[in-house]
Amino acid sequence: MRFTPENQAVPSPAPATKHVPELGPPVKPKRNRYAFACAILASMTSILLGYDIGVMSGAMIYIKRDLKISDLQIGILAGILNIYSLLGSCAAGKTSDWIGRRYTIVLAGAIFFAGALLMGFAPNYAFLMFGRFVAGIGVGYALMIAPVYTAEVSPASSRGFLTSFPEVFINAGIMFGYVSNLAFSKFPLKLGWRFMLGVGAVPSVLLALGVLAMPESPRWLVMQGRLGEAKRVLDKTSDSPAEAALRLEDIKEAAGIPADCHDDVVQVSRKNSHGEGVWRELLIRPTPAVRRVMIAAIGIHFFQQASGIDAVVLFSPRIFKTAGLKTDHQQLLATVAVGIVKTSFILVATFLLDRVGRRPLLLTSVGGMVLSLATLGTSLTIIDQTEKKVMWAVVLSIATVMTYVATFSIGAGPITWVYSTEIFPLRLRSQGSSMAVVVNRVTSGVISMAFLPLSEGITTGGAFYLFGGIATVAWFFFYTFLPETQGRMLEDMDELFSGFRWRDSKSKPKNMNSSSNPEVEIGPNKQIWRGMRYKIKVVEIWS
């Protein structure tokens, strides 16, 4: 008899347990091209934020000259989009539970399209702020929904690789923004910055067209009781039929649907299908595991931004001016180099996430950030305190900006989004991810708006010493509080966080280090041992 997922639901009076020893080395599955394509299309929404951050770094030079506004107004203009995005992030969780992940992505693109056009045609500062308000809501939607959708559609073997795509596209957007600054910098003053901002509407149009080819999230479909559709999506996005069956079984269990239910459409309670009672479970009466998940998600998002990355990306022309680059062209050219380095290293990170693991990359990344920030603070302080131009300090400042964005991009950048979307239980994922994004955007907005006043108060070098101190605290938080999630099924996170202690962080879970070939237990309910699911592509038993 050949084992199939359908046999699993048929209980036998005396189920025999078979032990299959000597499976040999795990078979590494090939990349699932369909899941790969879905992740790319969903992650394109992140270009919206990246482009806005990148383009604003150069556009603010010309906006200040054209509209004759102060540094304080420029700082608010640059950072306020992150605050506005809170509305989108808060609404995105509920919206995606009601209309689905896919149409929430469409909504994000449509809102940002309107915002980009408003900014491009802005006649004054007030109108420009209104355009950033609209664009900010679209960015909030995009930031929350892209990693959630990607995590839910990805097989466990490549979830880290695929879920890092939103960060890849944020970096691609930043680089396009920098290039746009350079391209339009020679235009007349009144036209140049308006073109820089208005061109941001183009990616949102491409996004709206591309989303038509995407399937809905299988986890959302199960929450709506549409098991038949969910099974078809899982068959396409899993590495094997066996994995598709297991993923469906786990999602049904998380959604409260009986394992022996195989109807195409079933009735699901309103509480499960529309996320009712989630906020109570998250904030008022969380279980110990959920509380740890919340602290981990909020902590990693806070420290990602509090270490100063958006200050560097947004104000890199100002930083390079402080370092000794005098002309607009030199400053904008240097920012393009920052974009290239940032994007290159994020691409490297996508291939390491599922091979090296989340924790090693994250800790290495933050350690490199600490060293870069300390060196950058020292070199800028030397430049600031010396009347003569100290060439080695200028070169060191520019080099450490590059090493800072490189080390950030290889770990803290992508892992923040990967980690925070994969650790929440299914029912809490949308709202939990929304809360994490809210913390991310608030922190980013505060850092962006405070950077110029902070630089004036304690010098630019002093600001980077402060960021370095925060990054040091972040390293210890990550080391003691964040367990490794590589290869874990999304539905296993509750168990992982329930039993994790900081001393466990010194080694990988036993089932990930084992060099032996443990037996695979075949019984009436579980055909692939849960501890080995992420390692085995297909297990077929014949008797």
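Scroll up to find the structure.
Keep in mind the model is a prediction, meaning the values are calculated, not measured.

Participant: Can you walk me through the overall build of the chain in this structure?
Facilitator: Along the chain, the regular secondary structure elements total 24 helices and two strands. Burial statistics for the chain: of 543 residues in total, 60% are counted as buried. Looking at the chain alone, contacts between residues at least 24 apart form 83% of all its contacts between residues at least 6 apart. Of the roughly 21,500 Å² of accessible surface on the chain, a fraction of 66% belongs to carbon and sulfur atoms.

Participant: Please clarify how the nonpolar core should be interpreted in this entry.
Facilitator: A general tendency of soluble globular proteins is for nonpolar side chains to be buried together. Ranked by internal contacts, the top residues of the largest apolar core, which has 128 residues, are Ile 63, Trp 193, Leu 197, Phe 451, Phe 464, Phe 478 and Leu 482. A total of 15 residues in this core trace back to one element, the largest contributor, which is helix H6 (residues 125-153). Once you skip the residues sitting within four places of it in the chain, Phe 478 turns out to touch Gly 299, Ile 300, Phe 303, Arg 359, Leu 362, Leu 363 and Val 366. Judged by nonpolar contacts, the second largest core, of 16 residues, contains Ala 230, Val 233, Ala 255 and Val 266.

Participant: So what exactly am I meant to see when it comes to the pattern of salt bridges here?
Facilitator: Oppositely charged side chains are able to pair whenever their charged atoms sit close together. All chains considered together, the criterion is met by 11 salt bridges. Two residues, Arg 65 and Asp 328, come together in a salt bridge whose shortest N-O distance is 2.9 Å. Separated by 263 residues along the polypeptide, Arg 65 in helix H3 (residues 46-67) and Asp 328 in helix H19 (residues 328-356) bring together distant segments of the chain. Asp 328 gets classed as partly exposed once you look at its relative accessible area, which sits at 21%. Through salt bridges with shared partners, a single ionic network connects Lys 64, Asp 71 and Arg 318.

Participant: Looking at this model, I keep getting lost on the packing of helix H12 (residues 227-237) against helix H13 (residues 241-255). Mind explaining?
Facilitator: Two measures define how a pair of helices packs: the angle their axes make with one another and the distance between the axes. At a closest axis distance of 9 Å, the pairing of H12 and H13 adopts a crossing angle of 140°. Taken together, the axis directions place H12 and H13 in an arrangement best described as oblique. The way H12 lies across H13 gives a crossing that is right-handed. Counting all contacts with H12, which are made through Leu 227, Lys 231, Leu 234, Asp 235 and Thr 237, the residues of H13 involved are Ala 244, Arg 247, Leu 248, Ile 251 and Lys 252.

Quick notes on the rules
Residues numbered from 1 in each chain as written. Predicted model: local features only at pLDDT ≥ 70, side-chain atom pairs only at ≥ 80, totals over all residues. Heavy atoms only, no water. Helix = DSSP H or I, 4+ residues; strand = E, 2+ residues; numbered from the N terminus. Buried < 20%, exposed > 50% of the residue type's maximum accessible area, 1.4 Å probe, protein only. Contact = heavy atoms within 4.5 Å. Areas by Shrake-Rupley, 256 points an atom, 1.4 Å probe, with all protein chains shown as cover. Core = buried A, V, L, I, M, F, W, Y, C linked by side-chain atoms within 4.5 Å. Salt bridge = Lys/Arg side-chain N within 4 Å of Asp/Glu carboxyl O. Axes fitted to C-alpha atoms, helices over the stretch in contact; angles between N-to-C directions. Parallel < 35°, antiparallel > 145°, perpendicular 65-115°, else oblique. Left-handed = near helix turned anticlockwise from the far one by under 90°.

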